[in-house]
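# Descriptive analysis of the structure
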Amino acid sequence: MNDLTLPRHWRAALLAPALTVFLAFWLLPMSRLAAISVSAGGAGYRALITNPRYLESLLSTVILSALVTAVALALALVAGLALVRHAFPGRRTLIAMLTLPLAFPGVVVGFMVIMLAGRQGLIGAISRELTGHNTVFAYSMAGLFLGYLYFSIPRVILTLMAAAEKLDPALEEAARSLGASPWRIQRDVVLPALRPALLAAGAMCFATAMGAFGTAFTLATEIDVLPMAIYSEFTLNANLVVAASLSLVLGAVTWLVLALAGLGGGGNVAAAA
Amino acid sequence: MKLDSVPIRLERCAKTFPGAARPVLKPLDLDIAAGETVVLLGPSGCGKTTTLRLIAGLERPDAGGRVFFGAEDVSARPIEERQVGMVFQNYALFPHMNVRQNVAYGLSIRRLPPQQIARRVDELLALTRLDALAERQIAQLSGGQRQRVALARALAPQPRVLLLDEPLTALDAQLRESLRTEMNTLLRNLGVTTVYVTHDQAEAMALGDKIVVMSAGAIEQIGTPRDIYHQPANAVVASFIGTMNQLEGVWRDGALHCAGGRLIAAPGAQPRSRLWFRPEDVILTPSGGELHGVVESATFLGGHTRLSLSGVGAAPILVDAPGRTRYATGERIGFSLAAEVWHTPLPDTETTTC
Ligand SMILES: Nc1ncnc2c1ncn2[C@@H]1O[C@H](COP(=O)(O)OP(=O)(O)O)[C@@H](O)[C@H]1O
Ligand SMILES: [Mg+2]
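Residues numbered from 1 in each chain as written. Chains lettered and ligands numbered in written order. Predicted model: local features only at pLDDT ≥ 70, side-chain atom pairs only at ≥ 80, totals over all residues. Heavy atoms only, no water.

## Some words on the overall build of chain A
From N to C terminus, chain A includes 12 helices and zero strands. Of the regular secondary structure in chain A, the N- to C-terminal order runs α-α-α-α-α-α-α-α-α-α-α-α. Seen through its C-alpha atoms, chain A measures out along the principal axes to roughly 75 × 70 × 30 Å. Taking as baseline every contact in chain A between residues at least 6 positions apart, the subset at least 24 positions apart corresponds to 70%. Entry remark: accessible area of chain A is about 15,000 Å², with carbon and sulfur atoms responsible for 72%. Across chain A, the centroid of the 16 positively charged side chains sits 5 Å from that of the 11 negatively charged ones. (Helix = DSSP H or I, 4+ residues; strand = E, 2+ residues; numbered from the N terminus. Contact = heavy atoms within 4.5 Å. Areas by Shrake-Rupley, 256 points an atom, 1.4 Å probe, with all protein chains shown as cover. Lys, Arg positive; Asp, Glu negative; His and termini not counted. Charge placed at Lys NZ, Arg CZ, Asp CG, Glu CD.)

## Some thoughts on the sheet that holds strand 5 (residues 72–73) of chain B
All names here are of chain B. Read across the sheet, four strands follow the order 2-1-4-5 without closing on themselves; strand pairing throughout is antiparallel. Pairing within the sheet leaves two strands with one partner each, and these edge strands are strand 2 (25–32) and strand 5. Of the pairings in the sheet, the one linking strand 4 (residues 66–69) to strand 5 comprises two bridges and is antiparallel in character. Among the inter-strand pairings, Phe69 is bridged to a residue of strand 5, identified as Glu72. Taken strand by strand, helix 1 (residues 48–56) contacts strand 1 (8–15), strand 2 and strand 4, and its axis lies near 125 degrees from that of strand 1. (Pairing = 2+ DSSP bridges. Axes fitted to C-alpha atoms, helices over the stretch in contact; angles between N-to-C directions.)

## Notes on the site of ligand 1
Residues and elements named next belong to chain B. Around ligand 1, the surrounding shell consists of Phe17, Val24, Pro43, Ser44, Gly45, Cys46, Gly47, Lys48, Thr49 and Thr50. Contact distances for ligand 1 include 2.5 Å between an oxygen atom and a side-chain N or O atom of Thr50. Considering ligand 1 on its own, with 560 Å² of exposed area, one finds that the protein chains cover 56% of that surface. Partitioning the shell around ligand 1 into residue classes produces four nonpolar, five polar and one charged. (Near = heavy atom within 4 Å. Polar contact = N/O pair within 3.5 Å; in protein donor to acceptor, adjacent residues only side chain to side chain. Nonpolar A, V, L, I, M, F, W, Y, C, P; charged D, E, K, R; others polar.)

## A look at the domain arrangement of chain A
It is common to give the size of an interface as the accessible area that goes away when the parts come together. Residues and elements named next belong to chain A. On domain assignment, one finds that chain A holds domain 1 (1–37) and domain 2 (44–272). If you average the C-alpha positions of domain 1 and of domain 2, the two centres end up 32 Å apart. The partner domain 2 presents eight residues to the five residues of domain 1 that form the contact. Its largest share of buried area at the contact with domain 2, domain 1 owes to Leu33, Ile36 and Ser37, together 88% of the area lost on that side. At the surface where domain 1 touches domain 2, the tally comes to zero salt bridges. Applying the counting rule to domain 1 against domain 2 returns one residue pair in polar contact (both at pLDDT 80 or more). Each residue belonging to the side of domain 1 that touches domain 2 can be placed in one class, and the counts come to four nonpolar, one polar and no charged. (Domains from an automatic or database assignment. Buried area = accessible area lost by both parts, 1.4 Å probe. Salt bridge = Lys/Arg side-chain N within 4 Å of Asp/Glu carboxyl O.)

## Regarding the nonpolar core
Judged by nonpolar contacts, the single largest core of 83 residues is most densely connected at Tyr148 and Leu194 of chain A together with Phe69, Phe94 and Leu163 of chain B. Broken down by element, this core gets its largest block of residues, 11 residues, from helix 6 (residues 141–165) of chain A. Look past the residues within four positions of Phe94 of chain B in its chain and what remains in contact with it is Leu171, Ala174, Ala175, Leu178 and Val189 of chain A together with Asn102, Tyr105, Ile138 and Arg153 of chain B. Counting 45 residues, the second-largest nonpolar core is a separate cluster that includes Val87, Val103, Leu125 and Tyr229 of chain B. (Core = buried A, V, L, I, M, F, W, Y, C linked by side-chain atoms within 4.5 Å. Buried < 20%, exposed > 50% of the residue type's maximum accessible area, 1.4 Å probe, protein only.)

## As for helix 2 (residues 52–85) of chain A
With 34 residues, helix 2 of chain A ought to run about 50 Å at 1.5 Å a step, and its terminal C-alpha atoms sit 49 Å apart, in line with that. A side-chain oxygen of the first residue of helix 2 of chain A lies 3.0 Å from the backbone nitrogen of Arg53 of chain A; this N-cap is Asn51 of chain A. (Expected span 1.5 Å × (residues − 1).)

## Quick look at the sheet that holds strand 9 (residues 210–215) of chain B
The pairing of strands in a sheet comes from backbone hydrogen bonds and takes either a parallel or an antiparallel form. Residues and elements named next belong to chain B. Strand order in this open sheet of six strands is 6-7-8-3-9-10, and the pairing throughout is mixed. Two strands lie at the open edges of the sheet, namely strand 6 (84–87) and strand 10 (218–223), each paired on one side alone. Looking at each pair of strands side by side, their axes are set apart by 15 degrees on average, direction ignored. Sheet topology note: the strand 3 (residues 37–41)/strand 9 ladder contains four bridges and is parallel. For Val38, the partnering residue across the bridge sits in strand 9 and is Lys210.

## Some points on the packing of helix 2 (residues 99–109) of chain B against helix 3 (residues 114–127) of chain B
The angle between the axes and the distance between the axes are what describe a pair of packed helices. Residue and element names in this part refer to chain B. Axis separation between helix 2 and helix 3 bottoms out at 10 Å; the angle between their running directions is 125 degrees. In terms of axis orientation, helix 2 runs oblique to helix 3. Crossing handedness for the pair helix 2 and helix 3: right-handed. In this structure, helix 2 contributes Val99, Arg100, Val103, Ala104, Leu107 and Ser108 to the contact, and helix 3 contributes Ile117, Ala118, Arg120, Val121, Asp122, Leu124 and Leu125. (Parallel < 35°, antiparallel > 145°, perpendicular 65-115°, else oblique. Left-handed = near helix turned anticlockwise from the far one by under 90°.)

## Points about the pairing of strand 1 of chain B
Residues and elements named next belong to chain B. Where strand 1 lies against strand 4, four bridges are found, and the strand directions are antiparallel. Within the sheet, the bridge partner assigned to Arg9 lies in strand 4 and is Phe68. Direction of pairing for strand 1 relative to strand 2: antiparallel, over a ladder of five bridges. Its bridge partner being in strand 2, Lys15 is matched across the sheet by Leu25.

## Structural notes on the pattern of salt bridges
Residues and elements named next belong to chain B. Scanning the model with the defined rule gives 24 salt bridges over all chains in all. Of the charged contacts in the structure, one is a salt bridge between Lys15 and Glu59, with a shortest N-O distance of 3.8 Å. Placement of Lys15 in strand 1 and of Glu59 in the loop between helix 1 and strand 4 is noted, with a sequence separation of 44 residues between them. In this structure, the salt-bridge partner of Glu248 is Arg274, at a minimum N-O distance of 3.7 Å.

Below, the structure is given as structure tokens:
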């Protein structure tokens, strides 16, 4: 296709900054990272396979992210459809409030989880009153799950709401006229129409959870997720080789999941995310 | 293929949308016989779609309004339980299903055996000439093809009532005309009670056993296309359907006198100071004639030429002349009016606009 908007040399000139940024901040560090990871005769990757700690943290990160994605999608689907479909007082305020967590850094989210489920937390206080036992799960997988869910849901809801608003109400009416029950309409009409948005939101949610650091840094004192493992190798152990290998594996796994989601959606989910 | 059909009856059906100050439909009564095709005709925004949705069960009438299918009061039943087939204005085809899956959808809801579904879908695809397109995706269809898929999908579960909302409006003029003929044949063969919404009077004339002319949320007239055209109940109907001339004058000695001459009524005719007539009810008289006018403009339309005459009454009078005769502006023309003109029973008052 011929782009007739600007002369060729203009286009080249305008492209140059983007190209420079790409080279300087993406390609160079990436190749450096790759080079470090294979230095020392591939010891970094060997450590990854032989040291169960790394594998465990990779596995728990993937499982946690997948779980967060699934639950966030389910909750956001129900909430998003309700918000789009039904007019009720306070609807606009609620939607505005939904976007608030987007502004919080991961550390703040972690802090909020501690206030909720930490040793002096709200849940602990309530359970102490009821059962005499102080329930604390802020520093476990459950706490991480809660924190990740908290910062994932707004993004997912907003993506799904944008898609749901574009749904043609006549499609549902047509299905109703053909005798479809509300459940069949969701399955046969609404979900297929929202499928691209679900995949895009899911991919975005998964990628964010895989790489989340701030929340993990605040909460993951007893457990290891991959970004934390990279951090400790890098800063505490000064083990650059392993840190680089772990980084690349984290990137590769996330990229693979995005690519699979993209295949399933038939569109460019990674781009949409 | 023949469908069982039911008569429809609307009783005092009004509709006020939540939060609106005024009702969009004033209480209306409507009787539709089994197997009849009724066209709801009126300008955009007059409440045609709302009426159709009341019949479908997508909207509920205001308190006091009731909808009957045959003897059954369906007022409280939602659309799922009314067994209606509906074709939406934008067709509302399921975009992720192909043609066959769209048509089969209503049957698969009813959990029919797969062979039976396949047989019935094939039958409908043949009926709507879509056999060759069965596996196509909706996005790959033209407007006319989509319209036929929507029709086939609505007919597949053998509805008791077929409801169509401006099904041809989105198509270009030529296609609209050929599909109109096709649809007419199909509806007659099916014998299903049909309510058809349109704002196109030619479509209404061609398809309707009866036409319901609506304006501003009320029914102005219900009648056969001939009734509506030749015996419009009021000025609103007359001005919406076709073209109607209005000739004012003074009644004296059994004749209507106006600037262009005088029209002698049949003996014993009611005195009146205003006449309504259509351009084609004019008889051009090369010599003489009861009335005279001067050609202001002549528009050649193929089959006929439409002349606008001044000097007959207060407003210009539109007249249809045979297409092969040429007319020059400024030419003086004599004409008389067909006898039916005296029967056009419009109230003898100022034209009311809607
Ligand atoms: N869901 C609705 N809420 C409020 N007003 C509506 C709704 N649907 C239609 N209306 C109004 O009702 C009137 C009649 O609409 P409609 O029945 O669609 O007219 P038509 O089909 O004859 O063009 C219009 O003024 C329209 O704005
Ligand atoms: Mg309409």
